[in-house]
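# Architecture at a glance
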There are 2 protein chains.
Amino acid sequence: MQRTSNTGPAAVHAPDATLEVAVAAGGLRSPRVVMIGAGQLARMTHQAAISLALDFTVVAASADDAAVRAGAPWRRADPNAYAELEAAVAGADVVTFDHERIPPEHLQQLAAGGYNLQPKPAAKLFAQDKAHQRGELARLGFPVPEFAVVADAASARAFARRHGWPLVAKPPRGGYDGRGVFVVADETELERLLGEQGTLLLEARLDLVAELAVLTARSTNGEAVVYPVVETVQVDGMCREIIVPARVSDAQRTEAQQLALAISEAIGATGVVALELFCTRAGLLVNELALRPHNSGHYTIEGCVTSQFEQHLRAVVGWPLGSTELVAPAVATVNVVGPPDGSDPRAALPHALATVRDVHVHLYGKGPRPGRKLGHVTVLAANPDEALARARRAAAVLEGRAQ
Amino acid sequence: MQRTSNTGPAAVHAPDATLEVAVAAGGLRSPRVVMIGAGQLARMTHQAAISLALDFTVVAASADDAAVRAGAPWRRADPNAYAELEAAVAGADVVTFDHERIPPEHLQQLAAGGYNLQPKPAAKLFAQDKAHQRGELARLGFPVPEFAVVADAASARAFARRHGWPLVAKPPRGGYDGRGVFVVADETELERLLGEQGTLLLEARLDLVAELAVLTARSTNGEAVVYPVVETVQVDGMCREIIVPARVSDAQRTEAQQLALAISEAIGATGVVALELFCTRAGLLVNELALRPHNSGHYTIEGCVTSQFEQHLRAVVGWPLGSTELVAPAVATVNVVGPPDGSDPRAALPHALATVRDVHVHLYGKGPRPGRKLGHVTVLAANPDEALARARRAAAVLEGRAQ
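These remarks concern the structure in this document. Throughout this description, residue numbers start from 1 for each chain and increase along the sequence as written. Numbering of ligands from 1 and lettering of chains from A proceed in the order in which they are written. Owing to the predicted nature of the model, reporting of local features is limited to residues with pLDDT of at least 70; listing and counting of side-chain atom pairs is limited to 80 or more, with chain, interface and lining totals taken over all residues. With hydrogens and water excluded, all non-hydrogen atoms of the structure serve as input to the side-chain values.

## A closer look at the sheet that holds strand β3 (residues 32–36) of chain B
Residues and elements named next belong to chain B. The pairing criterion for strands is at least two bridges between them, as found by DSSP. Secondary structure elements follow DSSP: runs of H or I of four or more residues count as helices, runs of E of two or more count as strands, with numbering from the N terminus. Taken in spatial order, the four strands of this open sheet run β5-β4-β3-β6, and their pairing is parallel. In the strand order of this sheet, the two ends are held by β5 (74–76) and β6 (94–97), each with one partner. On average, each strand axis in the sheet is inclined to that of its neighbour by 25°, with strand direction left out of account. When strand β4 (residues 55–60) meets β5, the two strands line up parallel, connected through three bridges. When the bridges of β5 are listed, V58 appears paired with W74. The contact criterion used is simple: two residues touch if any of their non-hydrogen atoms lie within 4.5 Å. Whenever a helix is involved, its axis is fitted only over the stretch in contact; in every case the axis is a line through C-alpha atoms, and angles between N-to-C directions fall within 0 to 180 degrees. Docked against the sheet, helix α3 (residues 82–89) engages β3, β4, β5 and β6, running at close to 150° with respect to β3. Sitting on the sheet, helix α11 (residues 308–316) is in contact with β3, β4 and β6, with an inclination near 145° to β6.

## Looking at the pairing of strand β11 (residues 208–218) of chain A
Residues and elements named next belong to chain A. Buried means the residue's accessible area, taken with a 1.4 Å probe over protein chains only, is under 20% of the maximum for its type, while exposed means over 50%, and partly exposed covers the values in between. Most of β11 is tucked away, with nine of its eleven residues classed as buried. The pairing of β11 with strand β15 (residues 271–280) spans ten bridges and is antiparallel. Along β15, the bridge assignment pairs A217 with V272. Bridge analysis of β11 against strand β12 (residues 224–226) gives three bridges, and the strand direction is antiparallel. From the neighbouring strand, R218 faces β12, where its bridge partner is A224. Between the end of β11 and the start of β12, which pair antiparallel, lie five residues, with G222 showing a positive phi angle near 105°.

## What to know about the relation of the copies chain A and chain B
The copies are overlaid by a least-squares fit using only the C-alpha atoms of residues whose pLDDT is at least 70 in both copies. After a rotation of 180° and a shift along the axis of 0.0 Å, chain A superposes on chain B with an RMSD of 0.0 Å. Viewed as a symmetry operation, the transformation between the two copies matches a two-fold axis. Residues of chain A ranked by C-alpha distance from the rotation axis are headed by G71 of chain A, positioned 2.1 Å from it. Comparing interface residues between copies, 100% of those in chain A also sit at the interface in chain B, which points to an isologous, same-surface contact.

## Quick word on the interface of chain A and chain B
Often, the extent of an interface is quoted as the loss of accessible area upon association of its parts. Across the boundary between the two partners, chain A contributes 36 residues, which contact 36 residues of chain B. Note: buried area is the sum, over both parts, of the accessible area (probe 1.4 Å) each one loses when the two are combined. Taken together, both faces of the contact between chain A and chain B bury some 3400 Å²; the carbon and sulfur share is 58%. Salt bridges are defined by distance alone: a side-chain nitrogen of Lys or Arg within 4 Å of a carboxyl oxygen of Asp or Glu. Inspection of the region where chain A meets chain B yields zero salt bridges. Pairing of N or O atoms within 3.5 Å defines a polar contact, subject to two protein rules: one partner must be a possible hydrogen donor and the other a possible acceptor, and residues neighboring in sequence count only if both atoms are side-chain atoms. At the junction of chain A and chain B, the tally comes to eleven residue pairs in polar contact (both at pLDDT 80 or more). When residues of the side of chain A that touches chain B are traced back to their parent elements, those giving at least two are α1 (40–52), α12 (349–355) and β18 (360–363) of chain A. Top element by residues in the side of chain A that touches chain B is α1 of chain A. It accounts for six residues. Only Asp, Glu, Lys and Arg are considered charged, only Ala, Val, Leu, Ile, Met, Phe, Trp, Tyr, Cys and Pro nonpolar, and every remaining residue, Gly among them, polar. A per-class count over the side of chain A that touches chain B returns 18 nonpolar, twelve polar and six charged.

## Some thoughts on the nonpolar core
We call a set of buried residues a nonpolar core when its members are Ala, Val, Leu, Ile, Met, Phe, Trp, Tyr or Cys and they connect through side-chain atoms within 4.5 Å of each other. Counting 47 residues, the largest nonpolar core has L349, V359, V361 and V377 of chain A together with V58 of chain B as its most contacted members. A total of eight residues in this core trace back to one element, the largest contributor, which is helix α13 (residues 384–398) of chain A. Grouped together as the second largest cluster of nonpolar side chains are 45 residues, L41 and V58 of chain A together with V336 and L353 of chain B included.

## Description of the sheet that holds strand β7 (residues 147–150) of chain B
All names here are of chain B. With antiparallel pairing, four strands are arranged side by side in an open sheet as β7-β10-β8-β9. The sheet terminates laterally at β7 and β9 (182–184), the two strands that pair on one side only. Taken over all neighbouring pairs, the strand axes of this sheet differ in orientation by 30° on average, direction set aside. Of the strand pairs in this sheet, strand β8 (residues 167–170) and β9 are connected by three bridges, and their pairing is antiparallel. The residue bridging A169 from the neighbouring strand is F182, located in β9. Where helix α7 (residues 153–163) meets the sheet, it contacts β7, β8 and β10 (200–204), and its direction lies at approximately 10° from that of β10.

## Details of the side chain of H46 of chain B
Counting through the fold element by element, H46 of chain B comes out in helix α1 (residues 40–52). Note on H46 of chain B: relative accessible area 3%, which makes it buried. Apart from the residues within four sequence positions on either side, H46 of chain B is in contact with H46, I50 and A70 of chain A together with F56, A70, G71, A72 and P73 of chain B.

## A short note on helix α5 (residues 121–128) of chain A
Side chains of residues three or four places apart in an α-helix project in the same direction, reflecting 3.6 residues per turn. Residue and element names in this part refer to chain A. Most of α5 sits inside the fold, with seven of its eight residues counted as buried. Within the span of α5, buried status applies to P121, A123, K124, L125, F126, A127 and Q128. In this structure, the buried residues of α5 make contact with β6 (94–97), α4 (104–112), α6 (130–139) and β16 (283–290).

## Looking at the environment of Q257 of chain B
By the secondary structure assignment, Q257 of chain B is in helix α9 (residues 250–266). Residues Q257 of chain B and A111 of chain B lie 146 residues apart in sequence; the distance between their C-alpha atoms is 30 Å.

Okay, structure coming up:
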């Protein structure tokens, strides 16, 4: 059901050296990892870093950020302000990321200044710029949806004539969690959006059989591993449910894993990469890439031998990677999202634990704004449907939608 | 192989109320748990508290303590200084412990002052005073080794005449990790020790078939659960290896679990209790009790549905308890102890990860003094012997005893 591949040193991108643990005069020093971003991904990476006794620091916008609330050492910086960003990563053995929202030119400047960024700026750009991702992956021969990058109304109209309405339009940079994906009904709307954004990535609207995601990890020592294929359910563009293994054919699972390994190698990625895929009647097509731990991998904390957070740390410091095998026949993760009435899932936590036995609850310690990702729940079970039903129930109790 | 028992509200000790999550004017507040002690047990409890978004603080002797190094919020106090201790726990909804070394009279004073201690001082005393434990458990009808509490040479000699030499002598308070257990060869040695200590718990030396341990957890809401029986291997009085399930008969496993549940209920324990048992040809005898997460339960982090650290937190705040089921047929945990040459296991960590696939490494971030517990490794496998062999190998690599 689940395959692990150690592809060995990548053919295209020579592996970096493993970071040695330095024995200094004052005693041994673990690799100093600085993660730009301090949200829930950094929070869970901090939990993993504790077990490995890594020297782990996050770059946060505020003391209120989820990782800072969990006790991660931190430095304050606005990643848009280059001087602040550089000061915050000073002294790092490795710089890595919990999000995409850092200006690519800042990453290039850090790399030029000798900072050891993992992933490298050129790889990270595949997650930061959708037009770059589509163009480069198409050039490399990977399956992507039909697309055009347009900056004028005539080109946009030409694409619309070929593919019909509605179209999907995405500003190349800046969108996440559904922000930055527009379904455009007609020419007037498209021209208004183009006027606002300047450049748009246009895609034909697809008929989806399912949405899938696959995590890989590539260590700077050259090792690569792939996790099981998961089925994702998006609501309002936000990943809400993860079902493992994906309820698709064995052949499709194998194809998705091979695609994920091939893409992460081709783009020279290091650390964890999440590949999101559209599953259509015509086959698999690349949707998005994230070069960091990802919502679709939260199930790995309890569901796999090695969590995506520990794996990411091991990969970016050049340590050997861990097994990606499932520890149960099936796993489901459901996000806990702030309910419309602003109520806080923490209030329902004891009740959720009583209602759904064996549920693993992760709350991110964030203020309960409606629609905000506040946590997730994971359930291991004998089959995907059972895991999903129980995880859904726990999430519903936490969100106050069920007793 | 593994049984879970929900005994419902305890007959003898009425359950306390569950701590409600308070919705204050400034927003919701999670229960504020203060743990006295900041070693590796508090460090791993901190990791568990992050997932539950609990408000968790440790009371540390120094900023260098393992839990403080992991980012746990902390207050400084010497637990022997009552005023410092009380100041450090001020504002807690629950006060709990990562060790036994707090003067029992200080706990009574805190309880009298209205602090919500979990476990209560009277229960905690079973882990703090070996003479009290033996006397009370014997009175309650639980199987303990033959013993005498002596304060004069004549009584000591009388016990020796009945049981022969060597004897085992333990000062009632203060010992842990083998400190405080003396094998006494003759009368001269015994009288010298008695002169030093004032009072001694004397026991006949036993022929052991094995040493076992069983964790239970009792929530202040009245629920109780029991974990699988584990086999422990002690070296120089320090627990070094944990093998799960214990390689004893089903009947002995059942007996050990029933004993653990009965004792923890009888003494009114709350939170996690570790019962250490001597397995002799004549049957099971109580060795020690710890009322806190325990070295013999580290295997639960990856080996059970609910780790002992999360379970302890759920129990002391009165939340429902989690499943104690194993997630694999067998688990082994081996401690990583500072080698004689003072070398640091962190230096060998990448090599250990490469050598033993699927090993879970936990390092405590402590300075590498010879003989000090610096971490542990856990391996899940198809049978106990395989799990143990692989965990031993990983520990040997980390300690520099193997390549």
